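Working through the structure, step by step
Here is what each chain is made of, one letter per residue.
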Amino acid sequence: MNTIKNVPARVLSRRPGHSLEAEREQFDKTQAMSISKAINTQEAPVKEKHARRIILGTHHEKGAFTFWSYAIGLPLPSSSILSWKFCHVLHKVLRDGHPNVLQDCQRYRSNIRETGDLWGHLHDRYGQLVNIYTKLLLTKISFHLKHPDFPPGLEVTDEVLEKAAGTDVNNIFQLTVEMFDYMDCELKLTESVLRQLNTAMAVSQMSAVQCRLAPLIQVIQDCSHLYHYTVQLMFKLHACLPADTLQGHRDRFHEQFRSLKNFFKRASDMLYFKRLIQIPRLPESPPNFLRASALAEHVKPVVVIPEEAPEDEEPENLIEISTAPPVEQQNVSDIFEQTFGPPNGVRDDRDLQIENLKKEVDLLRAELEKIKLEAQRYITQLKAQINSLEAELEEQRKQKQKALVDNEQLRDEVERLQRVQLESSRTQGLYVEAEKKASATETRYAKLKEKHGELINTHAELLRKNADTAKQLTVTQQSQEEVARVKEQLAFQTEQVKRESEMKLEDQTLQMEQLKRELEAKKEELTQIQSSLSHSKQAGSELHSQVEALHAEKDSLRKSVSEKECELLSVKGLIQEKELLLNQEAERSAKEVRELQGKLMEKKNQEQSLQQKLLDDQFGMLQGTVKEAENIIQDAIAKLDDPLHIRCTSSPDYLISRAQAALESVNSLENGHVQYMTNMTDATGLVAALAQFAHLTADTIVNGSATSHLAPTDHADSE
């Protein structure tokens, strides 16, 4: 009797119903073989041909579903080398795989994080590297999901970079910070790897060293692009913001520049990298962002991967394509005729049974596809709602972040005004010092004025003394006149005596001698009077010179007083000008303070309105979630009357587990409600609890109905 078991496998593969399944089976087999060969516990680098097959597989199925279906079954907690090579392959898949790989990896973030946390708590050399590598992969996934303009390979044109950065300085600032964080993760991995390798090991070609160094090729490719993008973004920031504000950015860039330059230099000296990658050279000094023309001097670092030599093992085909020659087809037809006999149009019962089974299988497949499509439609709707809610929440977060940035800018302006006010207070201090100097000048002027009064009094006294001296001089002149008159009288008397002596010469000789003696005495008196008169003239000349000196001193004092008065007037003019300028500056500062206070109040009002809007949106989202949860439960109740659901069955143990989970979700719902009532600005916990409660309750209702289908109907029939 002819049976289907006797048909050769090649004949079965020729049937059209099995071609796609065979192709899928061959694809899964190839992928499983490549993954098992690439990710293993051998301390050796991942072979490029195995990684290439995995990457081509992601392009074939337009995603990483098959890769993750095998990857989650790997015993990663049992071997740190296995985890290290898994991270390496995942890095290559992210960089060179299909664009949908990023979304598939996002679903397994928790698996990546758990692997890194597990090895981070253990004292294992590879384990510490795995912990750092997983943080890098999580950062990479988050960055490219947030910025879809940048592919995981990080290779974009300058126009795409300009579009992604935009014109808002806040977006440019945030993008630069995220790229700095991205670069820090890359450089931390390189430093950790190179720290574990001493100089002797790094020069040698040991497989253990190559196992650690192999992932750094992807790190070099990432870092070259990140360095180029951060340089351009830093120049854009310096064109929009003052240099003092970006001092922290410059310090962080210079530190990363030194680390990256040292890494590139050390990697260029290793023989392992020389045959696999051409590492670019960075300039001797970092770019000068304070000079805008320095951007023209920047040269983009380019990483070159040389052509690979053909490997010993030929790559296997991802899809088996049967192109047998006509002779083979003739042999197959002969085997088929030998097995089933010549085609004579006669059909036996087994063929009819096979056709009936095929029809039934087709009906079941159609029904299953219908159920899958309906479930997929529900899932798509829920995902769309979740995405819209997440987009609204992200928009609110962006608005809140923008409000915080505006608030920070206002704080900076207030601090600047405070500094201006401090400078005004310093100017006021200078004004007080000027007033003190003016008062000291006035005091000196008063003292000079008092000294001038004393000089005037002294001058008056000297004038009085001069008058007395003039009087004495007049008296002396009068005495001289009297002496002259006496002299004339004596001369007259002498003449008389001479005449009398001539007449009475002989008689009066004695009298003449007496008169001569008297004349000599008078002459002595005259000489005394003349000497006293000469003394009086000398005293008068001295007094006259003193008076002239006093007059000169008086003139000099008058000149100094006039000069001091002029200086005092100029100082008073300067003080008045300073007072006017200070008053104007104070009025302008007060006006600016009032304007900024008004702006601050306006920003506070805007922030309050945004906060209220956020609360309203949170409450609206919560209402939508409650409504959706109600719809989910109503849909589960409606399924109880669905004829398609009558065939579904479930075990009582599974129903109890679902019911227990639903009861536990009630506690989480109560906790979420308490948290929301405590802080109404955060409804994430309550929304998550509502969604979990709705799904678990609906699951319990459906499984309860399915479990009831297993209950015996004897008691119901007897009733």
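Quick caveat: nothing in here was measured; it's all calculated off a predicted structure. Here the residue index of a chain counts from 1 through its sequence in written order. In view of the model being predicted, local features appear only for residues whose pLDDT reaches at least 70, and side-chain atom pairs are presented and counted only at 80 or more, with totals across whole chains, interfaces and linings using the full set of residues. To obtain the side-chain values, all non-hydrogen atoms of the structure were used and water was disregarded.

**A word on the confidence of the model for the protein**
A residue's pLDDT is the predictor's confidence in that residue, given on a scale from 0 to 100. Across the protein, the average pLDDT comes to 79, with 81% of residues at 70 or higher. Long-range and interchain partners of residues 1-17, a stretch whose pLDDT sits below 50, account for 19 contacts in this model, where long-range means more than four residues apart. When the criterion is pLDDT under 50, residues 309-346 qualifies, and its contacts beyond four places in sequence or with other chains add up to 37 contacts. In this description, contact between two residues means that some pair of their heavy atoms is separated by no more than 4.5 Å.

**Things to note about the environment of Asp 28**
A helix here means a DSSP run of H or I that spans at least four residues, while a strand means a run of E at least two residues long, and both kinds are numbered starting from the N terminus. With respect to the helices and strands, the residue Asp 28 is situated in helix α2 (residues 16-38). Separated by 39 residues in the primary sequence, Asp 28 and Phe 67 have C-alpha atoms spaced 9.3 Å apart. Contact partners of Asp 28, with chain neighbours within four places excluded, come to Thr 66 and Tyr 70.

**So, the pattern of salt bridges**
Only one rule defines a salt bridge in this text: a Lys or Arg side-chain nitrogen within 4 Å of an Asp or Glu carboxyl oxygen. All told, the structure shown has 17 salt bridges when counted by the stated rule. With a closest N to O distance of 3.3 Å, Arg 24 and Asp 28 form a salt bridge. One end of the pair is Arg 24 and the other is Asp 28, both in helix α2 and four residues apart, which spans about a single turn. The shortest N-O distance in the salt bridge between Asp 222 and Lys 140 comes to 3.3 Å. A residue pair is termed long-range when its members are at least 10 positions apart, and Asp 222 in helix α13 (residues 216-240) and Lys 140 in helix α8 (residues 125-146) qualify at 82 residues. Salt bridges sharing partners connect three or more residues here, namely Arg 24, Asp 28 and Glu 61.

**Some remarks on α8**
For a helix, the expected span equals 1.5 Å multiplied by the number of residues minus one. Look at α8: 32 Å from first C-alpha to last across 22 residues, which is about the 32 Å you get at 1.5 Å a residue. Any pair of N or O atoms that falls within 3.5 Å is considered a polar contact. Within protein, one atom must be able to donate a hydrogen and the other to accept it, and sequence-neighbouring residues count only if both atoms are side-chain atoms. Its side-chain oxygen placed 3.0 Å from the backbone nitrogen of Tyr 126, Asp 124 serves as the N-cap of α8.

**Quick look at the packing of aromatic side chains**
Here is the rule: rings of Phe, Tyr and Trp (six-membered ring for Trp) pair when centre to centre is within 6.5 Å. Planes less than 30 degrees apart are stacked, more than 60 are edge-to-face, and the remainder are tilted. One pass over the structure, following the stated rule, counts 16 aromatic pairs. These aromatic residues form a ring-pair network of at least three members: Tyr 227, Phe 235, Phe 253, Phe 257 and Phe 289. We count a charge as sitting over a ring when the NZ of a lysine or the CZ of an arginine lies within 6 Å of the ring centre and within 35 degrees of the ring normal. Between the NZ or CZ atom of Arg 212 and the centre of the ring of Tyr 126, over which it lies, the distance is 4.4 Å.

**So, the side chain of Ser 192**
Mapped onto the secondary structure, Ser 192 falls in helix α10 (residues 169-196). Ignoring any residue separated from it by four or fewer positions in sequence, one finds Ser 192 in contact with Leu 129 and Ile 132.

**Side note on unusual backbone geometry**
In this structure, Lys 62 is a non-glycine residue whose phi angle is positive, near 55 degrees. Think of it in three bands: with a 1.4 Å probe and only protein chains considered, a residue is buried below 20% of the maximum accessible area for its type, exposed above 50%, and partly exposed in between. On the basis of relative accessibility, which here comes to 53%, the residue Lys 62 falls in the exposed class. Phi at Leu 154 is positive, roughly 65 degrees, even though this residue is not glycine. As for its position among the elements, Leu 154 is in the loop between α8 and α9 (158-165).

**Some points on the environment of Gly 63**
Its place among the elements puts Gly 63 in the loop between α3 (48-61) and α4 (65-71). Relative accessible area serves as the criterion here: at 3%, Gly 63 is assigned to the buried category. Put simply, Gly 63 and Asn 100 are 37 residues apart on the chain and 4.9 Å apart in space, counted from C-alpha to C-alpha. Each residue touching Gly 63, except ones within four places of it in the same chain, is listed here: Gly 57, Thr 58, His 98, Asn 100, Val 101 and Asp 104.

**Observations concerning the packing of α13 against helix α14 (residues 247-268)**
Lines are fitted to the C-alpha atoms to define the axes, a helix being fitted only along its stretch in contact, and any angle between axes, read from their N-to-C directions, falls within 0 to 180 degrees. Where α13 contacts α14, the two axes come as close as 11 Å, and the packing angle between them is 150 degrees. It follows from the interaxial angle that α13 and α14 lie roughly antiparallel. Crossing of α13 against α14: the hand is left-handed. Here Leu 216, Ile 220, Cys 223, Tyr 227, Thr 230, Val 231, Met 234, Leu 237 and His 238 of α13 lie close against α14, whose contacting residues are His 249, Arg 250, Phe 253, Phe 257, Leu 260, Phe 263, Phe 264 and Ala 267. Looking at the contact of α13 with α14 residue by residue, the classes come out as 13 nonpolar, three polar and one charged. Angles below 35 degrees are treated as roughly parallel, those above 145 as roughly antiparallel, those between 65 and 115 as roughly perpendicular, and all remaining angles as oblique. The crossing is said to be left-handed when, going from far helix to near helix, the turn is anticlockwise and less than a right angle, and right-handed when the turn is clockwise. In this classification, the charged set is Asp, Glu, Lys and Arg, the nonpolar set is Ala, Val, Leu, Ile, Met, Phe, Trp, Tyr, Cys and Pro, and all remaining amino acids, among them Gly, are polar.

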